[in-house]
Amino acid sequence: MAGVDYDVARKTSVGARLGGERRTREGERDVTAPYAEFSAKHDYAPKSYLVGGYAYTLEETSDIVRFTDAKVHRIFASVQHAVSALVVASGSVTYEPSRLQGRRGFAGIDEKTLRAGVALTWLPTKNWSASATYDHDRVRSDDPSRRLRRARVALGATFAF
């Protein structure tokens, strides 16, 4: 993997990553798994920024019996905004159209995954943070058994040292 980051302006940067991995398999075709990512970030205020980008990769699947890999196109965006000196709000959305590569004797299938989430984080000290989060995931698949709709709510505290 190789990459480059470039500061377009004092508050704006772009980045690119390219790479690959050779996968040798017993009983299946060998493959070179490419990776490409392009992203941009703009800091618009202290502790506040926008990020967006696109990535393409070949990932392992959750169903290794029927599929070898998934060709994934990932489009992502996130925002973080300082509500006050101690409170930060953030949100993100990722859209992933993908093609699961069928093993020998199995057909490939198309899936579309949408992930979205929001968080409110309190930063009382440099080491402690507490967050309340909500995440929503939806998978639309050619295979009805792989469809998913999920919502998660969480409260958490983190100590960083």
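Throughout what follows, the structure given in this document is the object of discussion. (Residues numbered from 1 in each chain as written. Predicted model: local features only at pLDDT ≥ 70, side-chain atom pairs only at ≥ 80, totals over all residues. Heavy atoms only, no water.)

1. Structural notes on the side chain of Glu-111
Thinking step 1. If you trace the backbone, Glu-111 turns up in strand S7 (residues 109–122).
Thinking step 2. For Glu-111, the side chain forms a polar contact with the side chain of Arg-146, separated by 2.5 Å.
Thinking step 3. Those residues in contact with Glu-111, other than ones at most four positions away along the chain, are Glu-96, Pro-97, Ser-98, Leu-100, Val-139, Arg-140, Ser-141 and Arg-146. (Helix = DSSP H or I, 4+ residues; strand = E, 2+ residues; numbered from the N terminus. Polar contact = N/O pair within 3.5 Å; in protein donor to acceptor, adjacent residues only side chain to side chain. Contact = heavy atoms within 4.5 Å.)

2. As for the pairing of strand S9 (residues 148–159)
Thinking step 1. When strand S8 (residues 128–141) meets S9, the two strands line up antiparallel, connected through 12 bridges. Looking at the pairing, Asp-137 lines up with Arg-150 of S9.
Thinking step 2. Linkage of S8 to S9, two consecutive antiparallel strands, is achieved through a turn of 6 residues. (Pairing = 2+ DSSP bridges.)

3. Considering a nonpolar patch on the surface
Thinking step 1. A contiguous nonpolar patch, built from Tyr-6, Val-8 and Val-14 and spanning about 280 Å² of accessible area, is present on the exposed surface.
Thinking step 2. The residue Val-8 is located in strand S1 (residues 2–9) in this model.
Thinking step 3. On the basis of relative accessibility, which here comes to 49%, the residue Val-8 falls in the partly exposed class. (Patch = residues over 30% accessible without salt bridge, like charges linked within 9 Å, V, L, I, M, F, W, Y side chains within 5 Å. Areas by Shrake-Rupley, 256 points an atom, 1.4 Å probe, with all protein chains shown as cover. Salt bridge = Lys/Arg side-chain N within 4 Å of Asp/Glu carboxyl O. Buried < 20%, exposed > 50% of the residue type's maximum accessible area, 1.4 Å probe, protein only.)

4. Notes on the packing of aromatic side chains
Centre distance and the angle of the planes are the two values used to describe a pair of aromatic rings.
Thinking step 1. Tallied over the entire structure, the rule returns 2 aromatic pairs.
Thinking step 2. Centre to centre, the rings of Phe-159 and Phe-161 are 6.2 Å apart; their planes meet at 25°, and the pair counts as stacked.
Thinking step 3. Note on Phe-159: relative accessible area 42%, which makes it partly exposed.
Thinking step 4. We note Lys-41 situated over the ring of Tyr-49; from NZ or CZ to the ring centre the distance is 4.7 Å. (Phe/Tyr/Trp six-rings, centres within 6.5 Å; stacked < 30°, edge-to-face > 60°. Lys NZ or Arg CZ within 6 Å of the ring centre and 35° of its normal.)

5. With respect to the pattern of salt bridges
Thinking step 1. The tally for this structure, following the rule as stated, stands at 16 salt bridges.
Thinking step 2. For Glu-59, the salt bridge is made with Arg-74, and the minimal N-O distance between the two is 2.7 Å. Of the two residues, Glu-59 sits in strand S4 (residues 48–60) while Arg-74 sits in strand S5 (residues 67–82), which places them 15 residues apart along the sequence.
Thinking step 3. Where Arg-146 meets Glu-111, a salt bridge forms, and the shortest distance between an N and an O atom there is 2.5 Å. Of the two residues, Arg-146 is situated in the loop between S8 and S9 and Glu-111 in strand S7; the sequence distance between them amounts to 35 residues. In terms of burial, Arg-146 and Glu-111 fall into one category: buried.
Thinking step 4. Each of Glu-21, Arg-23, Arg-25 and Asp-69 takes part in salt bridges that share partners, so that together they form one network.

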